[in-house]
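Reading the structure
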Amino acid sequence: MARHSHWANIKNKKAASDAIRGKTLTLHAKMIEIAAKKGGDPGMNASLRSAIEKAKADNVPNANIERAIRRGSGEDKDGVIYEELTYEAFGPNGIVFMIDVITDNKNRALTNIRTILDKNGGHMGAAGSVGWKFEKKAYFEVHAGHLADDAVELGIIDCGADDIVSIGEGEYEVYAEAEKLGEVKNKLLKASFTVKKDELIWKPKDETRVSDVETGKKILELIEAVEEEDDVKSVTSNAEIDESIFAQL
């Protein structure tokens, strides 16, 4: 079941900066606010509880978390209303993208993302033009200690996974049906696996191999530019960029 995986958010490795830290804090606040619409008590709202856990894992201050809960639950009447949207796009050499957005102004988000794409060799696609090339999946990063790969994979399969990728040193990428995110996570934890990340992602049905340095550079620059837009949550591509290209950037 293992295979080499390059589907997720391909981008240049960037050093930590105030700008990146600021966007991380803002993104977590938005996700908490959206989850809190279903209720401000994390004990009764699994989505909110998960959003809080992820925020704390990224060292978001408790004051920020509490403020976001108040805005999302309606306790703070000055809170804004956020929407979750997905845009479909084309890039260099036919590479395609799914761009997830959390915004309080979808017209602004659409205009800004379209401008960024146009400036970086891409263009916006119509609804449905790209989405059929991806599938929504539950995604986990799992640590399994020093168990043998075969034993680990069988254990993870028993937890409800439908695909597993070994990435070395007891680390695995695990995929499951999107609607089973919470169920599979709970089973992994009960089976004594460490779940380092859990989220819903777009997984390409087929990847397009990129071995040309200039093409790879253009794709990475486009992804990085889109990701820097404040309203963008994540960018997923179907590009499988050769490892050798990263060493030349």
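Placed above this text is the structure.
For the structure given in this document, a descriptive report is provided here. Owing to the predicted nature of the structure, the values given are computational and were not obtained by experimental measurement.

1. Thoughts on the pattern of salt bridges
- If you walk through the whole model with that rule in mind, you get 14 salt bridges.
- Where R108 meets D104, a salt bridge forms, and the shortest distance between an N and an O atom there is 2.8 Å.
- Look at D104 and you get partly exposed, because its relative accessible area is 37%.
- Residues K197 and E141 are paired through a salt bridge, measuring 3.9 Å at the closest nitrogen-oxygen approach. With K197 in strand β7 (residues 194-204) and E141 in strand β4 (residues 134-143), the pair connects residues that are 56 residues apart, well separated along the chain.
- Counted as one network, the salt bridges with shared partners bring together K30, D104, R108 and D231.

2. A short note on the sheet that holds strand β5 (residues 163-168)
- Spatial ordering of the open sheet is given by β5-β6-β4-β7, a layout of four strands whose pairing is antiparallel. Each of the sheet's edge strands pairs with one partner strand only, and the pair in question is β5 and β7. Each neighbouring strand pair of the sheet contributes to a mean axis angle of 25°, computed without reference to strand direction.
- Here seven bridges tie β4 to strand β6 (residues 171-177), and the two strands are oriented antiparallel to one another. Bridging across to β6, K137 finds its partner in E177.

3. Looking at the packing of aromatic side chains
- In the structure shown here, the tally under the stated rule is one aromatic pair.
- Arranged with centres 5.5 Å apart and planes meeting at 50°, the rings of Y139 and Y175 form a pair that is tilted. In this pair, Y139 is assigned in strand β4 and Y175 in strand β6, connecting sequence segments 36 residues apart. An identical accessibility class is assigned to Y139 and Y175; each is buried.

4. Observations regarding the environment of K197
- The exposure class of K197 is partly exposed, given its relative accessible area of 36%.
- Each C-alpha atom of the pair K197 and K54 lies 8.3 Å from the other, and the pair is 143 residues apart in sequence.
- Filtering out sequence-adjacent residues up to four positions away, K197 remains in contact with Y139, F140 and E141.

5. Some remarks on the environment of E88
- Checked against the element boundaries, E88 lands in strand β1 (residues 83-90).
- Here E88 falls in the buried class, since its relative accessible area comes to 12%.
- Those residues in contact with E88 that sit more than four places away from it in its chain are F97, M98, M124, G125, A126, A127, G128, S129, V130 and G131.
- A distance of 3.1 Å separates a polar atom in the side chain of E88 from the backbone nitrogen of S129.
- A distance of 2.7 Å separates a polar side-chain atom of E88 from the backbone nitrogen of V130.

6. Description of helix α6 (residues 181-190)
- Of the residues making up α6, those classed as buried are L181, V184, K185 and L188. Angular distribution of buried residues about the axis of α6 spans 100°; they occupy a single face of the element.
- A positive phi of about 70° marks S192, the residue just after α6.

7. Focus on the packing of helix α2 (residues 46-57) against helix α3 (residues 62-73)
- With their axes 10 Å apart at the nearest point, α2 and α3 run at an angle of 155° to one another. Overall, the two elements α2 and α3 adopt an arrangement that is roughly antiparallel. The two elements α2 and α3 meet at a crossing, and its hand is right-handed. The segment α2 lies against α3, with L48, I52, A55 and K56 engaging N62, I65 and I69.
- Of the residues assigned to the contact of α2 with α3, the class counts are five nonpolar, one polar and one charged.

Conventions and cut-offs
Residues numbered from 1 in each chain as written. Predicted model: local features only at pLDDT ≥ 70, side-chain atom pairs only at ≥ 80, totals over all residues. Heavy atoms only, no water. Salt bridge = Lys/Arg side-chain N within 4 Å of Asp/Glu carboxyl O. Buried < 20%, exposed > 50% of the residue type's maximum accessible area, 1.4 Å probe, protein only. Helix = DSSP H or I, 4+ residues; strand = E, 2+ residues; numbered from the N terminus. Pairing = 2+ DSSP bridges. Axes fitted to C-alpha atoms, helices over the stretch in contact; angles between N-to-C directions. Phe/Tyr/Trp six-rings, centres within 6.5 Å; stacked < 30°, edge-to-face > 60°. Contact = heavy atoms within 4.5 Å. Polar contact = N/O pair within 3.5 Å; in protein donor to acceptor, adjacent residues only side chain to side chain. Arc of directions from axis to C-beta. Parallel < 35°, antiparallel > 145°, perpendicular 65-115°, else oblique. Left-handed = near helix turned anticlockwise from the far one by under 90°. Nonpolar A, V, L, I, M, F, W, Y, C, P; charged D, E, K, R; others polar.

Geometric descriptors of this kind do not, in isolation, establish any biological role.
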